[in-house]
Amino acid sequence: MHFIGGITLNLSFVLYFFFYLPQLIANFRHNKCTDLSLGFHALLLISATADLYYAFGRIDQWQYRVVSLMMFYCLLVQHVHLMVEIESFRYGRLKLWALSLIVVLMLCVLFWVMQTPSAHGRLFVLMGWVERIGYWLYSVPQMIKNHQNKRADCLSPLFISIAIVTALCDSVSAWCLSWGPSSLYGAPVAVMLHLIL
C-alpha cells in the first residue's frame, strides 16, 4: 500500500505543481479575473495558508510541502491581480484588504509556532481541517456566481480537470500513507465538488 501511495503522491506532486497555473493564465489572458467570486478566492487563499501549517507541522513528505508552497504562491499572485482590479468588485477594497490582513496574521502565527513545532500539534491538525474544509467549499461561491452570471467561462477547464485528478490522487495517498483524518475524508468530498463545478 505504501508503494501505491508513493506513486499517487508523486503523480499529484507533478499535477499540483501546475494545478493553479491554468487558472492564472486564463485570468491574465482572457481578463476573466473580475468574473471570479471573491469567496472562491478567499476560501482558496485561506486554505492555502492553513495548508502551510499542515504541511510543515504534520506532513513529512517533501512533495506535499513543495506543492503547498506553490499553491500559496499562485494564490498570492492572483490576490495581487485582484487588488489591481479592486474597484470591479462590490465592497472589493474592504474584502480584499480584510483578506490580506487575515493571511498576514496567519503567516505571523505560523512563523511563531514553527519555533517549537512539537508543542503545537493540535494547531497543525486544526489547520489541516481549516485547509480541508476551505478546499471542500471554495467551489460553492463560484457556482453561485456562475449561476447568477449565467456563464462559467471564468474558470479554466484544464484547472478543473487537474483538480479532479489531484483530488483522486490525494484520496489514494491519504489512505495508503496514513495521513490525518482531514485528508482521509476530505479528498473524496473534494472529488465530488470538483465534478459539480
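As shown above, the structure is provided for reference.
The paragraphs below set out a description of the structure included in this document. (Residues numbered from 1 in each chain as written. Predicted model: local features only at pLDDT ≥ 70, side-chain atom pairs only at ≥ 80, totals over all residues. Heavy atoms only, no water.)

Regarding the overall build of the chain
Line of reasoning, step 1. Regarding its fold elements, the chain presents nine helices and zero strands.
Line of reasoning, step 2. Secondary structure elements of the chain occur, N-terminal to C-terminal, as α-α-α-α-α-α-α-α-α.
Line of reasoning, step 3. Over its C-alpha trace the chain gives a radius of gyration of 16 Å, about what one expects of a compact globule, namely 16 Å for 197 residues.
Line of reasoning, step 4. Overall, the chain is about 45 × 35 × 25 Å in size when its C-alpha atoms are taken along their principal axes.
Line of reasoning, step 5. Among the 197 residues that make up the chain, the fraction classed as buried is 51%.
Line of reasoning, step 6. Put simply, of all contacts in the chain between residues at least 6 apart along the chain, 78% involve residues at least 24 apart.
Line of reasoning, step 7. Accessible area for the chain stands at about 9,900 Å²; split by element, carbon and sulfur atoms hold 72% of it.
Line of reasoning, step 8. Charge separation in the chain, taken as the distance between the mean sites of 12 positive and 8 negative side-chain charges, equals 5 Å. (Helix = DSSP H or I, 4+ residues; strand = E, 2+ residues; numbered from the N terminus. Rg over C-alpha atoms; globule rule 2.2 N^0.38 Å. Buried < 20%, exposed > 50% of the residue type's maximum accessible area, 1.4 Å probe, protein only. Contact = heavy atoms within 4.5 Å. Areas by Shrake-Rupley, 256 points an atom, 1.4 Å probe, with all protein chains shown as cover. Lys, Arg positive; Asp, Glu negative; His and termini not counted. Charge placed at Lys NZ, Arg CZ, Asp CG, Glu CD.)

Overview of the environment of I196
Line of reasoning, step 1. Relative to the elements of secondary structure, I196 occurs in helix 9 (residues 181-196).
Line of reasoning, step 2. For I196, a relative accessible area of 59% puts it in the exposed group.
Line of reasoning, step 3. Placed 35 residues apart in sequence, I196 and S161 show a C-alpha to C-alpha distance of 12 Å.

Topic: the side chain of N146
Line of reasoning, step 1. With respect to the helices, strands and loops of the structure, N146 is situated in helix 7 (residues 139-149).
Line of reasoning, step 2. Overall, the relative accessible area of 10% leaves N146 in the buried class.
Line of reasoning, step 3. Once residues lying within four places of it in the same chain are set aside, the contact partners of N146 are R151, A152, C154, L155 and L197.

What about the packing of aromatic side chains?
A ring pair, where both rings are aromatic, is described by two values, the distance of the centres and the angle of the planes.
Line of reasoning, step 1. Under the criterion given, the structure shown has eight aromatic pairs.
Line of reasoning, step 2. Their ring planes at 70° and their centres at 5.2 Å tell us that F13 and W62 sit as a pair that is edge-to-face. With a gap of 49 residues between them, F13 in helix 1 (residues 2-18) and W62 in helix 4 (residues 62-84) connect regions that are remote in the sequence.
Line of reasoning, step 3. Feature note: the residues Y16, F19, Y20 and F159 constitute an aromatic cluster, connected by ring pairs. (Phe/Tyr/Trp six-rings, centres within 6.5 Å; stacked < 30°, edge-to-face > 60°.)

Side note on the packing of helix 4 against helix 5 (residues 92-113)
Line of reasoning, step 1. As a packed pair, helix 4 and helix 5 sit with axes 11 Å apart at the nearest point and diverge in direction by 150°. The pairing of helix 4 with helix 5 is recorded here as roughly antiparallel in orientation. For the pair helix 4 and helix 5, the crossing hand works out as left-handed. Contact with helix 4, carried on its side by F72, H79, L82 and M83, involves L96, W97, L99, S100, V103 and L107 of helix 5 and no other residues of that element.
Line of reasoning, step 2. Looking at the contact of helix 4 with helix 5, its residues break down into eight nonpolar, two polar and no charged. (Axes fitted to C-alpha atoms, helices over the stretch in contact; angles between N-to-C directions. Parallel < 35°, antiparallel > 145°, perpendicular 65-115°, else oblique. Left-handed = near helix turned anticlockwise from the far one by under 90°. Nonpolar A, V, L, I, M, F, W, Y, C, P; charged D, E, K, R; others polar.)

A closer look at the pattern of salt bridges
A pair can form between side chains of opposite charge whenever their charged atoms are brought close.
Line of reasoning, step 1. Taken as a whole, this structure holds one salt bridge when the rule is applied.
Line of reasoning, step 2. One salt bridge connects E131 with R132, and the closest N-O pair in it is separated by 3.0 Å.
Line of reasoning, step 3. Under the relative-accessibility criterion, R132 is labelled buried at 7%. (Salt bridge = Lys/Arg side-chain N within 4 Å of Asp/Glu carboxyl O.)

A look at the nonpolar core
Line of reasoning, step 1. Ranked by internal contacts, the top residues of the largest apolar core, which has 36 residues, are F19, Y20, F40, L44, M71 and Y138.
Line of reasoning, step 2. Among the elements of the structure, helix 1, helix 3 (38-57), helix 4, helix 5, helix 6 (121-137) and helix 8 (157-176) are those that each provide at least two residues to this core.
Line of reasoning, step 3. Sort the elements by how many residues they give to this core and helix 3 lands first, with seven residues. (Core = buried A, V, L, I, M, F, W, Y, C linked by side-chain atoms within 4.5 Å.)

Overview of helix 6
Line of reasoning, step 1. Given a rise of 1.5 Å per residue, 17 residues ought to cover 24 Å, and the 25 Å separating the end C-alpha atoms of helix 6 matches this to within 8%.
Line of reasoning, step 2. Within the sequence span of helix 6, burial applies to F124, M127, G128, E131, R132, G134, Y135 and W136. (Expected span 1.5 Å × (residues − 1).)

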